[in-house]
Structure formats: structure tokens, C-alpha cells
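Fold and geometry: a report
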Number of protein chains: 2
Amino acid sequence: MDAAEDRTGRHDDRDTRRALLHAATFVFADRGFDAATLREVTRAAGANIAAVNYHFRSKDELLRLTLEQCLGPLNAARLGAMKACEGDPQPTLRTVLRAIVAPLVELSLDERGGRAAIRLMLQTKALPRALTNEIFAEQFDELHRLSRRMLQRAAPELGEAQIALRYEYIRGAILHIVADLDPNARRMPGLEDIQDHVSNSALIDDIISFCETGFSTSD
Amino acid sequence: MDAAEDRTGRHDDRDTRRALLHAATFVFADRGFDAATLREVTRAAGANIAAVNYHFRSKDELLRLTLEQCLGPLNAARLGAMKACEGDPQPTLRTVLRAIVAPLVELSLDERGGRAAIRLMLQTKALPRALTNEIFAEQFDELHRLSRRMLQRAAPELGEAQIALRYEYIRGAILHIVADLDPNARRMPGLEDIQDHVSNSALIDDIISFCETGFSTSD
DNA sequence: GTCTATAAGTAGATAGAC
DNA sequence: GTCTATCTACTTATAGAC
């Protein structure tokens, strides 16, 4: 018998809870938090409707935990790459840019949750609320500060404000292309080929090249 | 007496209808289409709840008309700038980029609807559905095709796929920075100054410079 | 921990008076 | 065209049996 079940056939504490979080990631990402119903989530999780209340108390609290579970690994991967950079005494701009770009592109390949996590993140970013802004701040503020500090180190000739602006351009470019390549995105006319068969390592290098020269401009 | 009212004090056909569309732009943009209720919209429009059904038949149909009213001017401004470019026999890359960047940044300043229109567009892009994808295709496909054609003309040394990818990077950078500068966006730590007092003509030039050098990279 | 049943609220849509 | 009143169909959340 599965270790997760006791002799009554009931699931362990954590089983249903995890199934709910996993299902919520996809249902929220696909339909949007507001349009998604708890019934859809519990159906996808193979759980009973009352389980949400038992494990999370409310829909909002389920969103909080789901987002945290999504953003945690996302943040960890990005922060890890950036901290590896930080250890480098003289990181090149390209090294820093790779640490910004690669984790996002790579996670967007993971269909077991990474891609949905990114979709949920983008959707949540596009519709700011108190609850989610708070979570974003907890998850990403350190990463963004560190990233700007590393960019500054790799390009000491630029002012702080310039760095901050260009960091945003870079983030925009990456997030947008990652969203475009999601199979759920609208097919752009004349871009179908790219949306369907871009090689990801080539894409990473291409974005980095674009950002590198853009970032180094002196105008 | 106002020409819009007849002797019974009732509004002209178009008055309530327009108030509803205007209110829907803001309510949908602020709260998200799914979370927004028709009662909020009608309250904001100073209209009766039944007016939506009379003028638009359903919430979905109100969204369709609202989006079309928002995206129409957005598209017209961008398409106009790009067509002006098309008239130029030898447009520089910078000229083409300005036609891509300037209309969006300028419209994001317009608090009478432009900014809300952009917010609604971004939010709608982040949560694709059949209804809205259809509207996006009608509104923007021509613009995107033309933009890529003009970029190709300004940078004939690049391949079609390169142009398409880099056009997406550029769009991403612009849309992201425009979203960041919206007062409704989350305050980014260490970016508050930029979010609060960036001069828009300086911003346009800065984005263009970033994109221009990035676009011209030969790697 | 999980289930059924239900409470309590609110949504979009509509009928019909004016 | 506009209004009030209401219908129907959900929703989240919960109480209580197992």
C-alpha cells in the first residue's frame, strides 16, 4: 500500500493539499484567478470541494499559497544564477545577462509547472492587487536589487538610473518572448514558425546578444 | 436644454451607451474583466443596471465593444506613425523605431482613456481567450506585419526570422516599461524615482537608443 | 481528512411598467 | 430608453455526519 495512504484508504494530510496546489497552478494560469472556480480546481485535483476550505480556508489563501509555490522555485533559480555571478570577481556583461535570461527561458520549457508558473506570474503582474503585490515584493525585490547591482558592476560607466531603466527593458524583452512562445499564447501572424520551433539555446543566445549591445549603447 | 436630451428628460440613444463604454474601459482595466461586475460599470456610468442588457445584450458583448473602442485609437495611432514611415523612401532604423515606440509612450500619458486602454490591452494579452484573440488579430495583425516589413527595409542585412524575433524583443521592452510607469503598477524597489518622474521624451529617446543598438547587433 | 448537504450571497439576464 | 423587481444559476464558505 502506498505510504501516503493509511489503512482506511484516506490520503495523508499533505497529499490532497499538494494536489490542490498543483491543480490550482494550472487552473488559475489557464482561466485567470477570478474566472476560475474552486470547483474547477478541486475537480482537476480529484478532490472534494470542501477540501479547499479545510486545507486553505479561502480562495484568496489558496491563491497566496499557489503563487508562493510557483514563484519560489522561479525566484530560487534566478537568484541562484545571479548569486553565482556575484561570486565572479569580474563578471562580464554577458555573464550577468545570461544569469537573467537563462533561468526564465529554461523554466518556460518545463511543462510540469514552470511554464504555468510563468503564465500565472505574468497574468498576476498585469492585474495588480494588494495581496499579490505583497507576494511579488517578498519574492523578487532582492533578486532585482542584486541584478541591478551586478549590471552596475559589469557596466560601471553607466549611471544608476540608466541601469535601472535598461534592466527593465531587458526584463520586458525576455518576459514578452517567453509569453509569446507559450503554446497558449495567440498565434502571431508571420511568427508561427518561430513560435513553434525556435531552439531554446539559440533563443537564449539571441536575446543575450540583443540585450548586450543594447545595454552597452552610450547614447 | 442639452441637445442630447429630449423633452421627457431622457437621454439620447448614444449618451448612455457611450457613458457605459467609457466606464467599462476603466472598471475593466482596474479590476479585470472577470472580477468587474456590470453593477460596478453601470454605477460608474451613472446608468441603470438594465442599460447594459439593452445596449449591449451581454457582458461579453460589452467587452467586445469596449476593447474595440480602446484598441481602435491605439491601433490607428501606431499604424499612422508606421504608414508615415512607409512613405519615406529610405527610412533609418531610428525612424522606424520611433514609429513603434512613440505612439505607445504618448498614449500612456493620456489619463482620459489611453492609459486605461493600454492597461486593458496588457491584461487581455496576459489572459488569452477566443473572443479577445479575435479582436487582437483584427486590430493589430496589419500593424505588426507592416512594422516588420519596415524594419526589414531599414535593416536589409538581417534575415526575416531575426527581424521577427527582434521586433518581439522591442515590443516587450516598450510594453513592459509602459506598464511599469503606470501609477497602478506595483512600486519597484529602487525604481520609485524613475516611476515617478521620468520625462517622457527622454524615455522615448532612451528606449529607441537601446533598441537601435540591440537591433543592429550582428551576433 | 473527507464527504454530503446547505447556507448566504451575488452574479448576469430579463419581463414589464412607465 | 429607462426603470424596478425578479428569476435563475451559479459562487464561496460552512456545519455536521462519517
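Bear in mind that the values here come from a model prediction, so they are computed numbers and not experimental data. (Residues numbered from 1 in each chain as written. Chains lettered and ligands numbered in written order. Predicted model: local features only at pLDDT ≥ 70, side-chain atom pairs only at ≥ 80, totals over all residues. Heavy atoms only, no water.)

**Thoughts on the overall build of chain A**
- Counting its secondary structure elements, chain A contains 10 helices and zero strands.
- Going from N to C terminus, chain A has its helices and strands arranged as α-α-α-α-α-α-α-α-α-α.
- Projecting the C-alpha coordinates of chain A onto the three principal axes gives extents of approximately 65 × 40 × 35 Å.
- The buried share of chain A, taken over its 219 residues, is 52%.
- The long-range fraction of contacts in chain A, counting pairs at least 24 apart against all pairs at least 6 apart in sequence, stands at 70%.
- Accessible surface for chain A amounts to roughly 10100 Å². Of this, 48% is attributable to carbon and sulfur atoms. (Helix = DSSP H or I, 4+ residues; strand = E, 2+ residues; numbered from the N terminus. Buried < 20%, exposed > 50% of the residue type's maximum accessible area, 1.4 Å probe, protein only. Contact = heavy atoms within 4.5 Å. Areas by Shrake-Rupley, 256 points an atom, 1.4 Å probe, with all protein chains shown as cover.)

**Observations concerning the packing of aromatic side chains**
- Scanning the model with the defined rule gives seven aromatic pairs over all chains in all.
- An angle of 80° between the planes, with centres 5.1 Å apart, marks the rings of A:Phe28 and A:Phe33 as edge-to-face. The same class applies to A:Phe28 as to A:Phe33, namely buried.
- Aromatic side chains A:Phe136 and A:Phe140 sit 5.7 Å apart centroid to centroid with 70° between the ring planes, which places their arrangement in the edge-to-face category. Of this pair, A:Phe136 and A:Phe140 both sit in helix α7 (residues 130-154), four residues apart, which is roughly one turn of the helix.
- Accessibility expressed as a relative area gives 5% for A:Phe136, which makes it buried.
- Site record: aromatic cluster; members linked through ring pairs are A:Tyr169, A:Phe210, B:Tyr169 and B:Phe210.
- The side chain of A:Lys59 reaches across the aromatic face of A:Phe33, ending 4.6 Å from its centre. (Phe/Tyr/Trp six-rings, centres within 6.5 Å; stacked < 30°, edge-to-face > 60°. Lys NZ or Arg CZ within 6 Å of the ring centre and 35° of its normal.)

**Considering the UniProt feature "DNA-binding region" (unreviewed entry) in chain A**
- UniProt marks residues 37-56 of chain A with the feature "DNA-binding region" (unreviewed entry), using the numbering shown here.
- Helix makes up 80% of residues 37-56 of chain A and strand 0%, whereas the separation of the span's terminal C-alpha atoms amounts to 14 Å. (UniProt positions renumbered as here; feature names shortened; annotations may be inferred.)

**Considering the UniProt feature "domain: HTH tetR-type" (unreviewed entry) in chain A**
- The positions UniProt marks with the feature "domain: HTH tetR-type" (unreviewed entry) are residues 14-74 of chain A.
- With 82% helix and 0% strand, residues 14-74 of chain A has its two end C-alpha atoms placed 22 Å apart.

**Overview of the relation of the copies chain B and chain A**
- Superposing chain B onto chain A requires a rotation of 180° together with a translation of 0.0 Å along the rotation axis, leaving an RMSD of 0.0 Å. Taken together, the turn and the small shift mark the pair as related by a two-fold rotation axis. Among all residues of chain B, the one whose C-alpha sits closest to the rotation axis is B:Gly214, at a distance of 2.0 Å.
- Taken as a fraction of all interface residues of chain B, those also at the interface in chain A reach 100%, which identifies the copy contact as same-surface. (Least-squares fit on C-alpha atoms with pLDDT ≥ 70 in both.)

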